[in-house]
Each structure stands twice: as C-alpha cells, then as structure tokens.
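A structural walkthrough
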Amino acid sequence: MAKFEDMRLKSDDQLSADLVELKREQFNLRFQAATNQLERPARIREVRRDIARIKTLQTERTSAVKV
C-alpha cells in the first residue's frame, strides 16, 4: 500500500514515464518467459500490478478533472 501512496505523489508526466518503462519491462519479461530464460517469474505479476496501479491513478485524476 505504501507503494501506491508513493505513486500518488508523482506528477502525471512521471506516471506516464513510469508506465512506458513498466510496459517495456513487461515485454522483456514475456520474451524471457517464452525463451525459458526468466529468473524471477513473480516479477511478471509485480509489473502487471504496478501497471494497473498507475492506470487506476490516471483514471482517478481524469475523473476528478471532469467533475
């Protein structure tokens, strides 16, 4: 939960940059999994959840602006 609170403190641009980086990492992890070179399979889940957290924050912020 502390990680989510840290993400809340970041600006929209920082969140977007983090999202791009996480998507790149997710692609690389998928590629490693396909070639059986993955060292930490749990990292795929962590990255996926971090992406979801960022998207949730972005949605919250856009909804708050519209209201």
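Rules behind the numbers
Residues numbered from 1 in each chain as written. Predicted model: local features only at pLDDT ≥ 70, side-chain atom pairs only at ≥ 80, totals over all residues. Heavy atoms only, no water. Helix = DSSP H or I, 4+ residues; strand = E, 2+ residues; numbered from the N terminus. Buried < 20%, exposed > 50% of the residue type's maximum accessible area, 1.4 Å probe, protein only. Contact = heavy atoms within 4.5 Å. Salt bridge = Lys/Arg side-chain N within 4 Å of Asp/Glu carboxyl O. Axes fitted to C-alpha atoms, helices over the stretch in contact; angles between N-to-C directions. Parallel < 35°, antiparallel > 145°, perpendicular 65-115°, else oblique. Left-handed = near helix turned anticlockwise from the far one by under 90°. Nonpolar A, V, L, I, M, F, W, Y, C, P; charged D, E, K, R; others polar.

This part covers the side chain of Arg-43. You can see Arg-43 is positioned in helix H3 (residues 42–66). Take Arg-43: its relative accessible area is 18%, and that puts it in the buried class. Apart from residues lying up to four places away in sequence, Arg-43 is in contact with Glu-25, Leu-29 and Asp-50.

Before going further, it helps to spend a moment on the side chain of Gln-26. Structurally, Gln-26 can be placed in helix H2 (residues 12–34). For Gln-26, the residues in contact, after removing those within four places along its chain, are Val-47, Arg-48 and Ile-51.

Turning to the pattern of salt bridges, a few remarks are in order. The tally for this structure, following the rule as stated, stands at 10 salt bridges. When the shortest N-O distance is used, the salt bridge between Glu-60 and Arg-8 registers 3.1 Å. Of this pair, Glu-60 sits in helix H3 while Arg-8 is found in helix H1 (residues 2–8), placing the two residues 52 residues apart along the sequence. Residue Arg-8 is classed as partly exposed on the basis of its relative accessible area, which comes to 36%. One salt bridge in this structure joins Asp-50 and Arg-53, with 2.6 Å as the shortest N-O distance. Within this pair, Asp-50 and its partner Arg-53 are both found in helix H3, separated by three residues, close to a single helical turn. Here the residues in one salt-bridge network are Glu-25, Arg-40, Arg-43 and Glu-46, joined through shared partners.

So, on to the packing of H2 against H3. Interhelical geometry of H2 versus H3 gives an angle of 155° and a closest axis separation of 9 Å. By the angle between their axes, H2 is roughly antiparallel relative to H3. Remark: the crossing between H2 and H3 carries left-handed chirality. Residues Asp-12, Leu-15, Ser-16, Asp-18, Leu-19, Leu-22, Lys-23, Glu-25, Gln-26, Leu-29 and Ala-33 of H2 pack against Arg-43, Ile-44, Val-47, Arg-48, Asp-50, Ile-51, Ile-54, Lys-55, Leu-57, Gln-58 and Arg-61 of H3. Split into classes, the residues belonging to the contact of H2 with H3 amount to 10 nonpolar, three polar and nine charged.

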